[in-house]
Amino acid sequence: MDKVSNLPMALWKANLDLQARLGRLMQEGGQQWLELGTRAASDGAAQFQADARKLLQAGDWQALASLPFETFWRQAEAGLGEGKAAAEAAVQAQERFVAGLGEALQEWQRQLARAWTEAGIDAGIASATAGSWEALLSSMDQAIAAMQSAGSRGGARKRGG
């Protein structure tokens with residue numbers, strides 16, 4: 001078997017490796033979001049249960065009846081500060097994803113260039129592809145920087161009402 005006949009297998013392997021890395025990135029990102037949501041929900045539920053337990057032990061039925069309403073407002077007020085923390089966590093998660101995506105695409109490109117070189121094919125097209133990926137990743141970096149600066153300026157808008 002000559003080197004050119006190995007090219008389809010090498011390209012297929014490079015694409016399969018890229019798909020596996022992208023799948024891992026998506027899975028890790030989903031896991032991070034799940035943990036963030038679960039933590040927020042469990043904190044609220046634990047606070048509600050602790051308040052209800054205190055009121056039940058005190059026998060304050062009137063306060064117990066208003067507990068869901070009071071808990072809602074307390075969590076809404078606390079949620080304002082938590083919203084900023086959640087936004088920061090989202091930006092960090094996106095940064096990790098973009099960094100992982102960039103690494104995966106660079107490795108994929110190296111694998112493709114190596115396969116073409118081993119097959120004796122001019123890989124001049126790879127340099128044009130590299131420029132495209134670099135432009136894409138640069139645009140993503142700029143978008144993330146813009147999101148971070150908007151968040152640090154207190155990007156929340158006040159509503160009139």
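Residues numbered from 1 in each chain as written. Predicted model: local features only at pLDDT ≥ 70, side-chain atom pairs only at ≥ 80, totals over all residues. Heavy atoms only, no water.

As a further point, take the overall build of the protein. Helix and strand counts for the protein come out as three helices and zero strands. Moving toward the C terminus, one meets the helices and strands of the protein in the order α-α-α. Taking all contacts inside the protein whose residues are at least 6 apart in sequence as the whole, residues at least 24 apart take part in 71%. Summing over all exposed atoms, the protein offers an accessible surface of approximately 11600 Å²; the carbon and sulfur share of this is 60%. (Helix = DSSP H or I, 4+ residues; strand = E, 2+ residues; numbered from the N terminus. Contact = heavy atoms within 4.5 Å. Areas by Shrake-Rupley, 256 points an atom, 1.4 Å probe, with all protein chains shown as cover.)

As a further point, take the pattern of salt bridges. All chains considered together, the criterion is met by four salt bridges. Ionic pairing is found between E107 and R114, a salt bridge with its closest N-O pair at 4.0 Å. A network of salt bridges, in which partner residues are shared, links E107, R110 and R114. (Salt bridge = Lys/Arg side-chain N within 4 Å of Asp/Glu carboxyl O.)

Attention now moves to the nonpolar core. Listed in full, the 12 residues of the largest apolar core are L7, A14, L18, L25, L101, A104, L105, W108, L112, A115, W116 and A119. Where this core is concerned, the elements lending two or more residues are α1 (7–58) and α2 (61–118). Here the element with the most residues in this core is α2; it accounts for seven residues. Contacts of A115, omitting those with residues within four sequence positions, involve L7, A10 and L11. (Core = buried A, V, L, I, M, F, W, Y, C linked by side-chain atoms within 4.5 Å. Buried < 20%, exposed > 50% of the residue type's maximum accessible area, 1.4 Å probe, protein only.)

Here we take up the confidence of the model for the protein. As a note on interpretation, predicted positions should not be read in detail where pLDDT is low. In the predicted model, the protein carries a mean pLDDT of 75, and 62% of its residues have values of at least 70. Per-element confidence in the protein ranges from a low mean pLDDT of 68 for helix α3 (residues 124–152) to a high of 82 for α1. Here residues 155–161 is a poorly scored stretch, pLDDT under 50, and it has one contact once near neighbours within four places are set aside; other chains count. (pLDDT = per-residue confidence, 0-100.)

On to the side chain of Q111. When you line up the elements, Q111 lands in helix α2. When its relative accessible area of 14% is taken as the criterion, Q111 is described as buried. Within the structure, Q111 has its side chain in polar contact with the side chain of D17 (distance 3.1 Å). Among residues more than four places away in sequence, those in contact with Q111 are A14 and D17. (Polar contact = N/O pair within 3.5 Å; in protein donor to acceptor, adjacent residues only side chain to side chain.)

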